[in-house]
Amino acid sequence: MPRPIHATIHLEALKHNLAVLRARAQDARVWAVVKANAYGHGIERVFEGLRGADGFALLDLDEAQRVRDLGWRGPILLLEGVFEPRDLELCSRLDLWHTVHCDAQIDMLSRHKTQVPQRVFLKMNSGMNRLGFAPGRFRAAWSRLNALPQVDEVSLMTHFSDADGERGIAHQTAVFAQHCQDLPGERSLANSAALLRHHQDASVMADWVRPGIALYGSSPDHPQNQVAHWGLRPTMSLRSQLIGLQTLAAGDSVGYASTYRAAAPQRMGVVACGYADGYPRLCPTGTPVLVGGVPTRTLGRVSMDMIAVDLEPVIQAGANPLVGTAVTLWGQDASGAVLPIDEPAAAAGTIGYELMCALATRVPVSTDA
Ligand SMILES: *Cc1c(COP(=O)(O)O)cnc(C)c1O
C-alpha cells in the first residue's frame, strides 16, 4: 500500500466558489486565474469546475496550450504577456490575449508578422510598482499600441497592492481613473480581495474581474475574515492517516530538537505527512489539524515525512484514535468538518496561496467529481 497521504480536488466547491464570485462581480465578466498550475490544483483537474468562467488567465504558454487542449475556445489572457518575439507566434496560433506592460513588448509586437490582429491588455503601474507603465507614460503607450496593425482591441488593466488590507485601493483607483480618462477599451482591475471587499464599486468590478485565490476557497484577507465569512468552500483537501501512536509521560519530548515537552501524561499520534509533502516545516506546536474530524493540534517539529498530533482533545470528544484514523491537514474532512488552508498557513507565517502551490509532486491527487 502506498503512504496514506492524498490530496482531493473538489469540483463542486470550485463551481460553488465561481458562482459566489460571479454573483458579487455585478456585470463584470470573470477571468478564472489558473496560473501556477491552477494554484497547485492542476489545470486539467480544475477545468471542469471552472469552465463556467468567461476566460482563463495564466502566465505560461504551455499552460495556455493545455487549456486549449482541454477544448476551451474562449478567451485566454497571459497575465505577464510575452517574453520573447516567438511567443507572439503562439499567441496568434492559440488565439491568446496578452498583457503589455513595457516598451519592449510593444517593440516585439511592432515586428510581429501576423494576418490576424491581437487583443492586448495594456497594464498601468498605478502604485504596486511591479509590472506596468508609469501613469504619466500610459497614454503614449496606448497611442503606440493603437496605431499598430498587429493590434486589434486595447483593454486597460492594473493590479492592486493592498486590496486585502488597511490601505485599500482608493489611491490606485484614483490614479487609474485619471490616466485612463477618455481612453476607449474594456477595463480590468480586481483580484480576489478587491472583488470580495470592494464589489459595491462598479468602477472596480469594471468589465473583467480576475479572481484567483478565492476560487480555491482561501480567504485573501485572513485572519480579518475567514473563508466561511465569504461563503467560499475549500477546493483542495490534504488528508492522511495516523500511522503510529505513543503515550508520553510527563517530561517526555517529541521529535527533532525536543521542542515539545509533555507536562502530564499525554496520548499522541504520528501522521504520514511531512515537509516533503508540502506541509510547511515552519508550522509550530499548536498548528490546527483534524483527527477523525475532531480539531486538535500538532506537537513538536514537522519532519520530512511525519508530524505528531495531540490525541487528548480527540479522546475527550469521545473518539478512539487508532492507526488508520483519518487526519485532515487542510480542507474538508470526510465527516464534513472544515479546516481552512488559511489556518496552517497562518501558523507557518505564510498564506494559503503558498501551501496550495507547494503541494509536493509525491502526493497523489484525485478529483471527487
Ligand atoms: C495572480 C493574479 C491575480 C489573482 O490574484 P488573487 O489574489 O489570487 O485573486 C489577478 N491579477 C493578476 C495580474 C495576477 O497576477
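The rules behind the values
Residues numbered from 1 in each chain as written. Predicted model: local features only at pLDDT ≥ 70, side-chain atom pairs only at ≥ 80, totals over all residues. Heavy atoms only, no water. Helix = DSSP H or I, 4+ residues; strand = E, 2+ residues; numbered from the N terminus. Contact = heavy atoms within 4.5 Å. Areas by Shrake-Rupley, 256 points an atom, 1.4 Å probe, with all protein chains shown as cover. Lys, Arg positive; Asp, Glu negative; His and termini not counted. Charge placed at Lys NZ, Arg CZ, Asp CG, Glu CD. Salt bridge = Lys/Arg side-chain N within 4 Å of Asp/Glu carboxyl O. Buried < 20%, exposed > 50% of the residue type's maximum accessible area, 1.4 Å probe, protein only. Near = heavy atom within 4 Å. Polar contact = N/O pair within 3.5 Å; in protein donor to acceptor, adjacent residues only side chain to side chain. Core = buried A, V, L, I, M, F, W, Y, C linked by side-chain atoms within 4.5 Å. Domains from an automatic or database assignment. Phe/Tyr/Trp six-rings, centres within 6.5 Å; stacked < 30°, edge-to-face > 60°.

**What to know about the overall build of the protein**
And step 1. Secondary structure summary: the protein contains 13 helices and 19 strands in total.
And step 2. Along the first, second and third principal axes, the C-alpha set of the protein runs to 75 × 40 × 35 Å.
And step 3. Contacts in the protein between residues far apart in sequence, at least 24 positions, make up 64% of those at least 6 positions apart.
And step 4. For the protein, the exposed surface amounts to about 15,600 Å²; the carbon and sulfur share of it is 51%.
And step 5. The positive charge centre, built from 33 side chains, and the negative charge centre, built from 36, are 2 Å apart in the protein.

**Remarks on the pattern of salt bridges**
And step 1. Within the structure shown, the criterion is met by 17 salt bridges.
And step 2. The shortest N-O distance in the salt bridge between Arg22 and Asp54 comes to 3.0 Å. Within this pair, whereas Arg22 is found in helix α1 (residues 11-24), its partner Asp54 is found in the loop between α3 (43-50) and β3 (55-58), the two being separated by 32 residues in sequence.
And step 3. On the basis of relative accessibility, which here comes to 29%, the residue Arg22 falls in the partly exposed class.
And step 4. Residue Asp54 is classed as partly exposed on the basis of its relative accessible area, which comes to 23%.
And step 5. Linking Asp310 and Arg297 is a salt bridge whose minimum nitrogen-to-oxygen distance equals 3.0 Å. Of this pair, Asp310 sits in strand β16 (residues 306-310) while Arg297 sits in strand β15 (residues 294-299), placing them 13 residues apart in sequence.
And step 6. When its relative accessible area of 5% is taken as the criterion, Asp310 is described as buried.
And step 7. With a relative accessible area of 28%, Arg297 lands in the partly exposed category.
And step 8. Among the charged side chains, a salt-bridge network with shared partners connects Arg3, Asp277, Asp305 and Arg362.

**Quick word on the side chain of Arg119**
And step 1. With respect to the element layout, Arg119 can be found in strand β6 (residues 118-124).
And step 2. Discounting residues that sit within four places of it in the chain, Arg119 has contacts with Leu96, Trp97, His98, Asp152, Glu153, Ser155, Glu186 and Trp208.

**Quick look at the site of the ligand**
And step 1. The environment of the ligand is formed by 13 residues, the closest being Lys35, Tyr39, Ser192, Ile213 and Tyr353.
And step 2. At 3.5 Å from a nitrogen atom of the ligand is found a side-chain nitrogen or oxygen belonging to His159.
And step 3. Here an oxygen atom of the ligand and a backbone polar atom of Ile213 are 2.8 Å apart.
And step 4. In isolation the ligand has 390 Å² of accessible area, and contact with the protein removes 92% of it.

**Section: the nonpolar core**
And step 1. In this structure, Leu50, Leu145 and Tyr216 are the most contacted members of the largest nonpolar core, which totals 107 residues.
And step 2. Here the element with the most residues in this core is α1; it accounts for 5 residues.
And step 3. Looking at which domains feed residues into this core, each of domain 1 (11-218) and domain 2 (236-368) supplies at least three.
And step 4. Apart from the residues within four sequence positions on either side, Leu50 is in contact with Leu14, Leu18, Ala32, Val34, Phe56, Leu215 and Tyr216.
And step 5. Counting residues in each nonpolar core, the second largest holds 8 residues, with Leu248, Tyr260, Ala262 and Ala308 among its members.

**Remarks on the environment of Leu145**
And step 1. By secondary structure assignment, the location of Leu145 is in helix α7 (residues 135-146).
And step 2. Residues within four places of Leu145 in sequence aside, it is in contact with Val100, Ile106, Leu109, Val120, Leu122, Val151 and Val154.

**Here's the deal with the domain arrangement of the protein**
And step 1. Taken as a whole, the protein is organised into domain 1 (11-218) and domain 2 (236-368).
And step 2. Distance between the C-alpha centres of domain 1 and domain 2: 37 Å.
And step 3. Contacts between the two partners involve 9 residues from domain 1, matched on the other side by 11 residues from domain 2.
And step 4. Here domain 1 and domain 2 share 0 salt bridges between them.

**Some details on the packing of aromatic side chains**
And step 1. Scanning all chains against the criterion turns up 11 aromatic pairs.
And step 2. Aromatic pair Trp31 and Trp97: ring centres 5.7 Å apart, planes at 90°, arrangement edge-to-face. Taken together, the residues span a long stretch of sequence, with Trp31 in strand β2 (residues 29-33) and Trp97 in strand β5 (residues 97-100) at a distance of 66 residues.
And step 3. Residues Phe47 and Trp72 carry aromatic rings whose centres are separated by 6.3 Å and whose planes lie at 85° to one another, so their mutual orientation is edge-to-face.

**What to know about the side chain of Asp333**
And step 1. Tracing the backbone shows Asp333 in the loop between β17 (326-332) and β18 (338-339).
And step 2. Buried and without a salt bridge, Asp333 has Arg239 as its closest oppositely charged side chain, separated by 5.9 Å.
And step 3. Within polar-contact distance, the side chain of Asp333 engages the side chain of Ser335 at 2.8 Å.
And step 4. If we ignore the near neighbours within four places in the chain, the residues touching Asp333 are Arg239, Leu290, Gly293 and Thr328.

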